[in-house]
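Chain by chain, the residues run as shown.
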Amino acid sequence: MANYIPSTKLVERVCAGDMRAVSRLISRAEAGVAEVRSALAEIYRATGRAHVVGITGVPGSGKSTLVGKVVQRLRADGRKIGIVAVDPSSPYSGGAILGDRVRMSEIGTDPGVFIRSMATHGAIGGMARAAMDAVDILDVAGYDTIIIETVGVGQDEVEIARASHTTIVVSAPGLGDEIQAIKAGMLEIADIHVVSKCDRSDAARTLTDLKSMLVLGALGSGDDWRVPVIGTSAISGEGLDELIDAITRHRRVAFETELGQRRRRSVAEFRLLKTAEALLAERFVKARSDRTAEYTEQLLARTGDPYALACALIDHSLKTEQGSTDDENT
Amino acid sequence: MARNVMSQPIRVLLAKVGLDGHDRGVKIVARTLRDNGMDVIYTGLHRSPEEVVTAAIQEDVDILGVSVLSGVQLTIFPKIFHLLKENAADDIIVVAGGVMPDEDAIALRKMGVREVLLQDTPPRAIVETLCRVVAERGPR
Ligand SMILES: Nc1nc2c(ncn2[C@@H]2O[C@H](COP(=O)(O)OP(=O)(O)O)[C@@H](O)[C@H]2O)c(=O)[nH]1
Ligand SMILES: [Mg+2]
């Protein structure tokens, strides 16, 4: 343990913007080691400056490419940008290939940009917890805008997008005849809709389809914000300025309006519940071991039923855990 | 198995430096590592030492794996080590892969490259080697 720097020591360096400390603290947060909690508490109290932008859409819709282009332009204003790119882990091995950086090479050595790739690790709520901890750390390290890229396929991923101040949903032509956003339940969560790859001839169709869907549903039209639909091309640069303008306008909505206040409250609630879920699951997994075999036998022999045994297992697990952590709590 | 001390998947950054346009080999390695429970950050072709080191630091990887086919190893690795040292990131384990003559492999080891895994290294051996060097490093 000679080389181990305590997490609370890292906080000071994070505040000073030390890249090394930022990345190490994110790793510790991701691992969920108990030692990191007090450091994260300190971090959380110092957050609140950054504009958090979620970007989601099906795989291959052009999210990472778009982030690369948008960030390059945002950098021209001198804003520091953090990016958390989440990709799914393999359900078989638990490992992952995280390839989002490939599409962001133009910002790969910009000292004002911090890119962190993260795997979902298959844990319910666990990914949301870790991604939001990473956002906090980047916020405190002085990144003005933080972008979370998630694959919009599972509930958890969509929820992460919801946990941001501004949510961008990306649709693309050529990925199936339906608008993918509808299928994934992502139509409603967008503050900004993007149709990417507008250099392709079939993009016009995707744009009109999406616009008519939005009119039909009359979505997101309030006094403070009208949801724009923006066509972009990473090749020609079309729509990028318009998108940046929309992001900037929505930042103002998020921080200066009643609507934004409500949004920030619901983000806080989401955060609380997701963290609680993750902790509960972790506690259960840690504590469940000693009775699992016994209850399995009862279930197999049909001397017990799944609900009663599951209740007993939960009760027992959490009680055991309580006993073992009592001194830590008092 | 492929876990580091925080019982997280071992994080590996795979980078291709140099001018050659082949990444088939690296992609196969990436898949092997993923299938053995590691998190692999892939950065694409033609990366500069600056890009590779910046990515390795931001991603807080256990291992930086650099693949070379085009004979640039003796100029690329000194730059990588210099940048790692400059950023106080020399706890990141550097592993080389690809194709090179034996005397280059020896020179790279002298420079600080922990393992040289040439193109004919069986997948199993790659996985075992990476697990071993991370275990040997210990907590950080
Ligand atoms: N024609 C065209 N292709 C694009 C555009 N943006 C992304 N792509 C391509 O779409 C594919 C997926 O892009 P990527 O950014 O990785 O999508 P992600 O999975 O949503 O992050 C890549 O082959 C990109 O080169 C665009 O504006 N126009
Ligand atoms: Mg992507």
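**Some remarks on the overall build of chain A**
Scanning chain A from terminus to terminus reveals 12 helices and 8 strands. Looking at chain A as a whole, 50% of its 330 residues are labelled buried. If you take every contact in chain A between residues at least 6 apart in sequence, the share linking residues at least 24 apart comes to 75%. For chain A, the exposed area adds up to about 15,500 Å²; of that, 54% sits on carbon and sulfur atoms.

**Section: the pairing of strand S2 (residues 39-42) of chain B**
Both faces of S2 of chain B are covered, namely the face carrying Asp39 and Ile41 of chain B and the face carrying Val40 and Tyr42 of chain B. Direction of pairing for strand S3 (residues 96-98) of chain A relative to S2 of chain B: parallel, over a ladder of 3 bridges. Opposite Leu98 of chain A, over in S2 of chain B, you have Ile41 of chain B as the bridge partner. Examined bridge by bridge, strand S1 (residues 11-16) of chain B and S2 of chain B share 4 bridges and lie parallel to one another. Paired with Leu13 of chain B across the strands is Ile41 of chain B, a residue of S2 of chain B.

**Focus on the coordination of the magnesium ion (ligand 2)**
Residues and elements named next belong to chain A. Summarising the metal site, the magnesium ion (ligand 2) is bound by the protein donors Ser64 (OG), Asp100 (OD) and Glu149 (OE), whose distances to it range over 2.1 to 2.2 Å. Sequence spacing of the donor residues for the magnesium ion (ligand 2), all on one chain, is S-x35-D-x48-E. With Ser64 in helix H4 (residues 63-75) and Asp100 in the loop between S3 and strand S4 (113-119), the pair connects residues that are 36 residues apart, well separated along the chain. Comparing Ser64 with Asp100, the two get one shared label, buried.

**Some points on the site of ligand 1**
Residue and element names in this part refer to chain A. In the neighbourhood of ligand 1, 15 residues make up the surrounding shell, with Gly60, Lys63, Thr65, Asp199 and Ala234 lying closest. Interatomic distance of 3.2 Å between a backbone N/O atom of Ser61 and an oxygen atom of ligand 1. Backbone polar atom of Gly62 to an oxygen atom of ligand 1: 2.9 Å apart, as the coordinates give it. In the complex, 74% of the free accessible area of ligand 1, which totals 590 Å², lies under the protein chains. Of the residues belonging to the shell around ligand 1, the class tally is 4 nonpolar, 6 polar and 5 charged.

**Some thoughts on the sheet that holds S2 of chain B**
Taken in spatial order, the 6 strands make up an open sheet running S3(A)-S2(B)-S1(B)-S3(B)-S4(B)-S5(B), and their pairing is parallel. The strands lining the two open edges of the sheet, one partner per strand, are S3 of chain A together with strand S5 (115-118) of chain B. Going from strand to strand, the sheet's axes swing by 25° on average, the running direction of each strand aside. The sheet strands contacting helix H3 (residues 73-86) of chain B are strand S3 (63-68) and strand S4 (93-98) of chain B, and the helix crosses S3 of chain B at an angle near 160°. Helix-sheet contacts for helix H5 (residues 123-137) of chain B involve S1, S3, S4 and S5 of chain B, and the interaxial angle to S5 of chain B is about 170°.

**Quick word on the sheet that holds strand S1 (residues 51-57) of chain A**
Residues and elements named next belong to chain A. Ordered in space as S4-S2-S5-S1-S6-S7-S8, the 7 strands form an open sheet in which the pairing is parallel. The open sheet has two free edges, formed respectively by S4 and strand S8 (229-231), since each of these has just one partner strand. The sheet shows a mean angle of 20° between the axes of neighbouring strands, direction not considered. Where strand S7 (residues 192-195) and S8 come together, 3 bridges link them in parallel fashion. Within S8, the position partnered with His193 by the bridge is Val229. Strands S1, strand S2 (81-87), S4, strand S5 (145-151), strand S6 (166-171) and S7 of the sheet are contacted by H4, whose axis makes an angle of about 175° with S5.

**Focus on helix H11 (residues 289-300) of chain A**
Over its 12 residues, H11 of chain A runs 18 Å from end to end, which matches the ideal 16 Å to within 8%, given 1.5 Å per residue. Two residues or fewer after H11 of chain A comes Arg302 of chain A, characterised by a positive phi angle close to 60°.

**Digging into the confidence of the model for chain A**
Put simply, chain A has an average pLDDT of 87, and 86% of its residues get 70 or more. Considering only residues more than four positions removed or in separate chains, one finds that residues 326-330 of chain A, a stretch of pLDDT under 50, has 1 contact.

**Comments concerning the environment of Leu64 of chain B**
All names here are of chain B. Mapped onto the secondary structure, Leu64 falls in strand S3. Classification of Leu64 as buried rests on a relative accessible area of 0%. Setting aside chain neighbours within four positions, we find Leu64 in contact with Leu13, Val52, Ala56, Ile80, Leu84, Ile92, Ile93, Val94 and Val95.

**Digging into the environment of Ala96 of chain B**
All names here are of chain B. With respect to the helices, strands and loops of the structure, Ala96 is situated in strand S4. Between the C-alpha atom of Ala96 and that of Leu117, which follows or precedes it by 21 residues, the distance is 6.1 Å. Apart from residues lying up to four places away in sequence, Ala96 is in contact with Val66, Phe77, Leu108, Val113, Glu115, Val116 and Leu117.

Calculation notes
Residues numbered from 1 in each chain as written. Chains lettered and ligands numbered in written order. Predicted model: local features only at pLDDT ≥ 70, side-chain atom pairs only at ≥ 80, totals over all residues. Heavy atoms only, no water. Helix = DSSP H or I, 4+ residues; strand = E, 2+ residues; numbered from the N terminus. Buried < 20%, exposed > 50% of the residue type's maximum accessible area, 1.4 Å probe, protein only. Contact = heavy atoms within 4.5 Å. Areas by Shrake-Rupley, 256 points an atom, 1.4 Å probe, with all protein chains shown as cover. Pairing = 2+ DSSP bridges. Donors = N, O, S within 2.8 Å, 3.2 Å for Na, K, Ca; no water. Near = heavy atom within 4 Å. Polar contact = N/O pair within 3.5 Å; in protein donor to acceptor, adjacent residues only side chain to side chain. Nonpolar A, V, L, I, M, F, W, Y, C, P; charged D, E, K, R; others polar. Axes fitted to C-alpha atoms, helices over the stretch in contact; angles between N-to-C directions. Expected span 1.5 Å × (residues − 1). pLDDT = per-residue confidence, 0-100.

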